[in-house]
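# A look at the structure
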Amino acid sequence: MSLLHRISVFGATALALCSALPCAQAQNSSNQLAQRPPMGWNSWNHFRNKVDDAVIRAQAEAMVSSGMRDAGYVYINIDDTWEAGRDANGNIQTNSKFPDMKALADFVHSKGLKLGIYSSPGSQTCAKFEGSLGHEEQDAKTYAAWGIDYLKYDLCGLKEQMKAASNPEEAHKIMIDSYKKMDVALRNTGRPIIYGLCQYGQDAVWRWGTEVGGNLWRTTGDISDKYAKMAEIGFSQAGLARFAGPGHWNDPDMLEVGNGGMTTDEYRTHMSLWAILAAPLLAGNDLSSMTPETLALLTNKEVIAVDQDAAGKQGDRVSTEGPIEVWSRHLADGSQAVGIFNRHHSALTTTVDFGTLGFTGPVKARDLWKGEELKNVKSSFQATVPAHGVVFLKVSQ
Ligand code: GLA
């Protein structure tokens, strides 16, 4: 029995072995997709169960007319609540909100965009709609026939089976096997479909997400449009960088930018941190009614370039001083994206010594949100960082 096979059979062993080995690197991503963190939009954060065919068409149109598609956002992802039951042959049906999924996919594709969908390895989804349990092959074929390009596969309903397991190892194996099953089903369709795991980071998914075919995996519980939750999730990602890379990304959940619950500085923190984390950028607002300020936050070219950097190396925390955190990400051109974050509720001033980031002597630094070079930067820099805000730099020797 090969090592990899044993890892996939014995979930508990996988945790022990992969914590010692760079598992994500050791195993090839199965489908060669998502060489950069996926960018697009998802219906859940703003629309919840109010998503329907008209909403999806309006988002696709706005994605193009706003310039977001040209900034790199291509996936339009339908989250939970599109599902009805099954027909006599077990084929998954759409409910009345989605009269013709194939026609909708054709429409989205005609805009130069891609369409994503959502299901669960359990018999029910989180919102208690029909899941894929026992119908994995059939559902994957249906998705492919519709023209689906992305699947978010959300654990929820499978928890029942996992609770009934006699021990944690068995529960883990039930989960791993079900994720693997859908991976095989998706690959058997022959259609390139990005595979997103959603099980909130359970059992250190970053250690085995690649092994079950995931192109990305949620590392945390659900985000909300509040600074406290966004910061809790984003700053908790320290230490996960080594598990991500081209084809397999940590996913700290979708964006809340533009949903109205945070200040502009807080949304800048959200975007900057997600870019340093090489996180998928899935906008979660109503694209058809966004303000110019929201659009500017979502489409800042230099911030997106950090997220999409060709080296695909996730960044990490470098230092903390009370509520001040410095995070850095190594970029393909030898420079570093450096985020100086202030988690305090009023502005703070701090000095960053670039020597601690590995630079020697004077550096060049560019403020990515202001879009300008900093003048007279030596080997250190004094930054005044707004409340809950960030100074986001690109630093080179
Ligand atoms: C879970 C997921 C969310 C969303 C909902 C839908 O809570 O984490 O992102 O998909 O289910 O029911």
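Computed from a prediction, not measured in an experiment: that's the story for all the values here.

Glancing now at the state of the cysteines. Note on terminology: a disulfide is the covalent bond linking the sulfur atoms of two cysteines. Evaluation of the coordinates by the stated rule reveals 1 disulfide. A sulfur-sulfur distance of 2.0 Å marks the disulfide that ties cysteine 126 to cysteine 156. Its S-S torsion of approximately 105° makes the covalent link between cysteine 126 and cysteine 156 right-handed. A residue pair is termed long-range when its members are at least 10 positions apart, and cysteine 126 in the loop between β5 (114-119) and α8 (136-146) and cysteine 156 in the loop between β6 (150-154) and α9 (159-163) qualify at 30 residues. Residue cysteine 126 is classed as partly exposed on the basis of its relative accessible area of 31%.

On to the sheet that holds strand β7 (residues 194-198). Paired through their backbone hydrogen bonds, the strands of a sheet run either parallel or antiparallel. Taking strand neighbours across the sheet as the criterion, the 8 strands line up as β9-β8-β7-β6-β5-β2-β1-β10 in an open arrangement whose pairing is parallel. Because the sheet does not close on itself, it has two edges, and the strands there are β9 (249-251) and β10 (281-283). Looking at each pair of strands side by side, their axes are set apart by 25° on average, direction ignored. When strand β2 (residues 75-77) meets β5, the two strands line up parallel, connected through 3 bridges. The partner of tyrosine 75 across the bridge, within β5, is lysine 114.

The next point concerns the sheet that holds strand β18 (residues 390-396). The sheet built from 6 strands is open, its strands ordered β11-β12-β13-β18-β15-β16 with antiparallel pairing. Of all the strands in the sheet, just β11 (316-321) and β16 (372-373) have a single pairing partner and so form its edges. Pairing between β11 and strand β12 (residues 324-330): 5 bridges, direction antiparallel. Across the sheet, residue serine 319 finds its bridge partner in β12, namely valine 326. With respect to the sheet, helix α11 (residues 227-235) is in contact with β11, β12 and β13 (336-342), its orientation differing from that of β12 by roughly 50°.

Next up on the list: the site of the ligand. Every one of the 13 residues lining the ligand counts as a neighbour, but Asp79, Asp80, Lys152, Asp154 and Asp222 are closest to it. At a separation of 2.6 Å, an oxygen atom of the ligand approaches a polar side-chain atom of aspartate 79. Aspartate 80 places a side-chain nitrogen or oxygen 2.9 Å from an oxygen atom of the ligand. When the ligand sits alone it has 310 Å² of accessible area, and the protein chains cover 92% of it.

Next up on the list: the side chain of glutamate 256. Looking at where glutamate 256 falls in the secondary structure, it is placed in the loop between β9 and α12 (264-276). For glutamate 256, which is buried and forms no salt bridge, the nearest opposite charge comes from arginine 48, at a distance of 5.7 Å. In terms of polar contacts, glutamate 256 uses its side chain to reach the side chain of asparagine 45, at 3.5 Å. The residues touching glutamate 256, leaving out its near neighbours within four places in the chain, are Asn45, Ile223, Ser224, Asp225, Met262, Tyr267 and His270.

Turning our attention to α12. Across its 13 residues, α12 extends 18 Å between first and last C-alpha, which sits within 8% of the 18 Å expected from 1.5 Å per residue. Immediately downstream of α12, the backbone of alanine 278 shows phi near 50°, a positive value.

Calculation criteria
- Residues numbered from 1 in each chain as written.
- Predicted model: local features only at pLDDT ≥ 70, side-chain atom pairs only at ≥ 80, totals over all residues.
- Heavy atoms only, no water.
- Disulfide = S-S within 2.5 Å.
- Helix = DSSP H or I, 4+ residues; strand = E, 2+ residues; numbered from the N terminus.
- Buried < 20%, exposed > 50% of the residue type's maximum accessible area, 1.4 Å probe, protein only.
- Pairing = 2+ DSSP bridges.
- Axes fitted to C-alpha atoms, helices over the stretch in contact; angles between N-to-C directions.
- Contact = heavy atoms within 4.5 Å.
- Near = heavy atom within 4 Å.
- Polar contact = N/O pair within 3.5 Å; in protein donor to acceptor, adjacent residues only side chain to side chain.
- Areas by Shrake-Rupley, 256 points an atom, 1.4 Å probe, with all protein chains shown as cover.
- Lys, Arg positive; Asp, Glu negative; His and termini not counted.
- Salt bridge = Lys/Arg side-chain N within 4 Å of Asp/Glu carboxyl O.
- Expected span 1.5 Å × (residues − 1).

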